[in-house]
Every structure is written in C-alpha cells, then in structure tokens.
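Results of the structural survey
Chain residues, written in single-letter form:
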Amino acid sequence: MTRKSALVVGGNGIVGKNLTQYLCETNEWEVFVTSRSGLHYETSAHFIPLALSAANVEEQMGDTLNGITHVFFAAYTERQDPYEQSEANGRLMKNLVLAIQKKATNLQRVLFIQGGKAYGAHLGYYKTPAYESDPRTITPNFYYDQEDFLREESRGRKWSWTSIRPDIVIGVTIGNPMNLANLIAVYANLCKEEGIPMRFPGSQQAYQALVNVTGVKVLAKAMDWAANAGQAVDEIFNVTNGDVFRWSQLWPRFGEYFGVEVAEPQRFSLQEYMPGKKQLWAQMTVKYGLKPYELDRLVQWGFGDFIFNVESDAFQDVNKARRAGFHEMNGDSLGVFLETFRQLKAEKIIP
Ligand SMILES: NC(=O)c1ccc[n+]([C@@H]2O[C@H](COP(=O)([O-])OP(=O)(O)OC[C@H]3O[C@@H](n4cnc5c(N)ncnc54)[C@H](OP(=O)(O)O)[C@@H]3O)[C@@H](O)[C@H]2O)c1
C-alpha cells in the first residue's frame, strides 16, 4: 500500500502545529507542513514555506508537493472587519486548493477547520446544543465561503472534502490570536507573582454558563480519522472533548494547580489592563529561567475578554461523529487543561 501523504497548511498555528506532531507520531503518514514564516518548533515533517495570499502559490510549490494525497487546511489570518476577514481567509484556501489540485494528481481529500462561528458563537447567543445541520447566519463568515468553495470546486473531481468543527481549541503554541490555555496559565502566574487571588475576569453569568472546549489531541485524532473514513466524505463534524462544564467548576481547580488563591469573579477588561504587565512578565522570564517570549506573543487578552463574557450556554452536539465511527471524545476537559499547563511548564513557557 502506498503511504498516505499529508500536507498540513498553517503549521505554526495551534491547530496546525499539534496536528503535524500527531500525524508524524502515527508513522502512517509522510507529512509535509507549510506556514508563511519558518516553523518555531522541531519536527520530522518536511517543511515548505508558502505565502498563500500571493497569486503564485503554484510556482512557490515547485514539484515538492506532487505526491500529496490529503490536505489538512488550518491556515488563518485575522482581520477586524468581518467582510475583509471573509475575503482574506477565503483567498488563502482558494489559492492553496487551486494550486495543489493541479500538482497533486492523486489528491483524495481536503479537510479543513471550521468552528463555533459557524453557529454564530462570535455574535453572542446561539441555540444549544449546536448541530452540524443548523442553519447559517446572514453575517459574513469565511467558514461558509471556504465550505462553498470546496463543495463547488470538488464537484466532478477525484477529491472530496471534510469539515471539522472544534470549539475553543486547547493546546500549546505561541504567537497565535486564539489560545485560551496560554492565556489562563499566564494570567494565573501573574496573579500568583503579585500575591493577588486569581479572579475569573468575566461576568457572573458567564461563570455559570455551560461551555465546551476541544483539546488538540482529540482534534488531531478526529482529522486523522476523517481523512480515512468513507462516512466523512463531504461531511461536517463537530468535535469537542465530549463533555460540558461551567467555568465556576474548573476555575478553582486551575487555582489549585497553579498554587494560587481563587476569589469571587470580578469583571474587568483583560485587554485594557493586562498588557501593562509586560515588564513584570519579562522579569518573571529571567527569574524563573523561562523562554524569553514577550507577553503579547503568548497571549491576546481580547480573546479572553470575549470567551469569559459569553453569558449563555455555548456547546456543540458531537454525536454525528460518534455515529460515523469516531469514538475518542471521552470527556475530560479538566484533564486536557491540566495536561496543557504541564506541557507549557515543561517547555519553560510558564514557571
Ligand atoms: N484557536 C481556536 O481556538 C479555534 C477554535 C475553533 C476554530 N478555529 C479555526 O481553526 C483554524 C486555524 O486556527 P488557528 O487558531 O490554529 O490559527 P493560528 O494559530 O492563527 O495559525 C494560523 C496559521 O496560518 C498561517 N498563515 C496565516 N496567514 C498566512 C498566509 N498569508 N500564508 C500562509 N500561511 C498563513 C500562519 O503562518 P505563520 O505563523 O507562519 O505566519 C499559521 O501557521 C481557523 O479557521 C480558526 O478559525 C480555531
């Protein structure tokens, strides 16, 4: 049997990095990984830099990617304006797919990542549990654009597509805008250093809402499963850790883990107040022998302001993937958080 050949797109991202590492570990894939800049981690995957917003992606590829059988698309570029956001991210996907389908004549599947925004999670309240079949919102959304493009472009060709919809992704990487584990870990350590309790910084209502998250390991396993599953052809699957929780249940456990006192929630803007801790963090990196990442490389505080102020329940139903044969969503979000914090510590990113 010929070995499957994966191209992970967005290899520096929280999704792409952890997926690359997982696929390499399985020994079942020859793994190629691309990002715009050089990779900030070691890997046995073959690295090829690609600037996907440029028109000459095919030229940049040369013949290196001719053997690719599966694309795992997890590139992402952030824009403030939602229409620009849609246009820019749609273009990344289009440029990649139009180029790779010409080069890789044995292309079988393009897998890509959507997320809670497919249900309007970024708009505030949405119906829960969220099902893959729920209707779209009228607002611009690059997930819809990317999906429509893949539906159209794959028609009559040998390759099919699959979409995986995680909720908030929990794992280790640096320099990305949406990284909740880094944010909680850095916040806890800053509180501890100042001798101040670690307060949930969102609203009381958000502290009690039912939410869910997706660990990078289960997400990588889901993508690997979907790449091989006949039932995943041209389908969308929600993927989370499989459990739901309230921040009020996990927050005290985070405090225990970091050895910092927890007090009642008090709402304040992380984005407004936490960047001022830049100097303190720099001192802590020296004091505790950490990698010298600047605070704003590790954490985008505005993401925390959003997540910790979601005042209605926000979670996905994951039974479609289970019915189709994916049985790894066993439900241990606290365990996923603690494992991620341990990894951050082992990599000397936090004390
Ligand atoms: N993070 C979450 O909690 C979460 C939750 C649900 C869904 N999602 C979805 O998952 C997908 C991946 O998100 P992520 O958080 O993993 O993203 P991310 O951490 O911001 O990573 C983005 C990746 O895309 C690459 N990239 C950006 N612009 C590029 C360009 N012009 N050309 C080539 N590569 C480019 C970056 O490359 P460089 O770093 O090399 O520049 C990086 O490798 C997105 O669709 C996102 O909406 C994320």
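In this text, all values refer to a predicted model and were calculated from it rather than measured experimentally.

Let us now look at the overall build of the protein chain. If you tally the helices and strands in the protein chain, you get 14 helices and eleven strands. For 351 residues, the compact-globule estimate of 2.2 N^0.38 gives 20 Å, and the protein chain sits close to it at 20 Å. Its C-alpha atoms give the protein chain principal-axis dimensions of roughly 60 × 45 × 40 Å. Per-residue burial for the protein chain yields a buried fraction of 55% across its 351 residues.

What follows deals with the environment of Ala209. Considering the arrangement of structural elements, one finds Ala209 in the loop between α6 (204-208) and β8 (210-211). Residues Ala209 and Asp296, spaced 87 residues apart in sequence, show a C-alpha to C-alpha distance of 28 Å. Aside from chain neighbours lying at most four places away, what touches Ala209 is Phe245, Arg246, Trp247, Val310, Glu311, Ser312 and Asp313.

Another point: the packing of helix α8 (residues 247-258) against helix α14 (residues 333-346). Geometry of a packed helix pair, given as the angle between the helix axes and the separation of the axes. It is at 11 Å that the axes of α8 and α14 come closest, and there the two elements cross at 30°. For the element pair α8 / α14, the angle class is roughly parallel. Where α8 crosses over α14, the two elements pack in a sense that is right-handed. In this structure, α8 contributes Trp247, Leu250, Arg253, Phe254, Tyr257 and Phe258 to the contact, and α14 contributes Leu334, Phe337, Leu338, Phe341, Arg342 and Lys345. For the contact of α8 with α14, the residue count by class is nine nonpolar, no polar and three charged.

This part is about the site of the ligand. Lining the immediate surroundings of the ligand are 30 residues, of which Ser35, Ser37, Tyr143, Val169 and Asn176 lie closest. Measuring from an oxygen atom of the ligand, one finds a side-chain N or O atom of Ser37 at 2.6 Å. When isolated, the ligand has an accessible area of 910 Å², and the protein chains bury 92% of it. Residue composition of the shell around the ligand, grouped by class: 17 nonpolar, eleven polar and two charged. Looking at which domains feed residues into the shell around the ligand, each of domain 1 (4-165) and domain 2 (169-213 + 244-346) supplies at least three.

Calculation rules
Counting from 1, residues in each chain are numbered in the order their sequence is written. Only residues with pLDDT of at least 70 are given local features in this predicted model, and only at 80 or more are side-chain atom pairs given and counted; all residues enter the totals for whole chains, interfaces and linings. Computation of side-chain values: all heavy atoms of the structure, hydrogens and water removed. By definition, any uninterrupted DSSP run of H or I lasting at least four residues is a helix, any uninterrupted run of E lasting at least two residues is a strand, and each is numbered from the N terminus. C-alpha atoms define the radius of gyration in this analysis, and the globule rule sets the expected value at 2.2 Å times the number of residues to the power 0.38. Residue exposure (1.4 Å probe, protein chains only): buried if accessible area is under 20% of the type maximum, exposed if over 50%, otherwise partly exposed. The contact criterion used is simple: two residues touch if any of their non-hydrogen atoms lie within 4.5 Å. To define axes, lines are fitted to C-alpha atoms, for helices over the stretch in contact only, and angles between the resulting N-to-C directions are given on a 0 to 180 degree scale. Each angle gets one of four labels, with under 35 degrees taken as roughly parallel, over 145 as roughly antiparallel, 65 to 115 as roughly perpendicular, and the rest as oblique. Handedness of a crossing follows from how the near helix is turned relative to the far one, being left-handed for an anticlockwise turn of less than a right angle and right-handed for a clockwise one. Residues are grouped as follows: Ala, Val, Leu, Ile, Met, Phe, Trp, Tyr, Cys and Pro are nonpolar; Asp, Glu, Lys and Arg are charged; all remaining types, including Gly, are polar. By convention in these notes, a residue is near a molecule or strand provided one of its non-hydrogen atoms lies within 4 Å of it. The term polar contact refers here to a pair of N or O atoms within 3.5 Å; inside protein, the definition further demands a hydrogen-donor-capable atom paired with an acceptor-capable atom, and it admits residues adjacent in sequence only when both atoms are side-chain atoms. Residue-level accessible areas treat just the shown protein chains as cover; the underlying method is Shrake-Rupley with a 1.4 Å probe. What counts as a domain boundary in this text is fixed by an automatic or database domain assignment.

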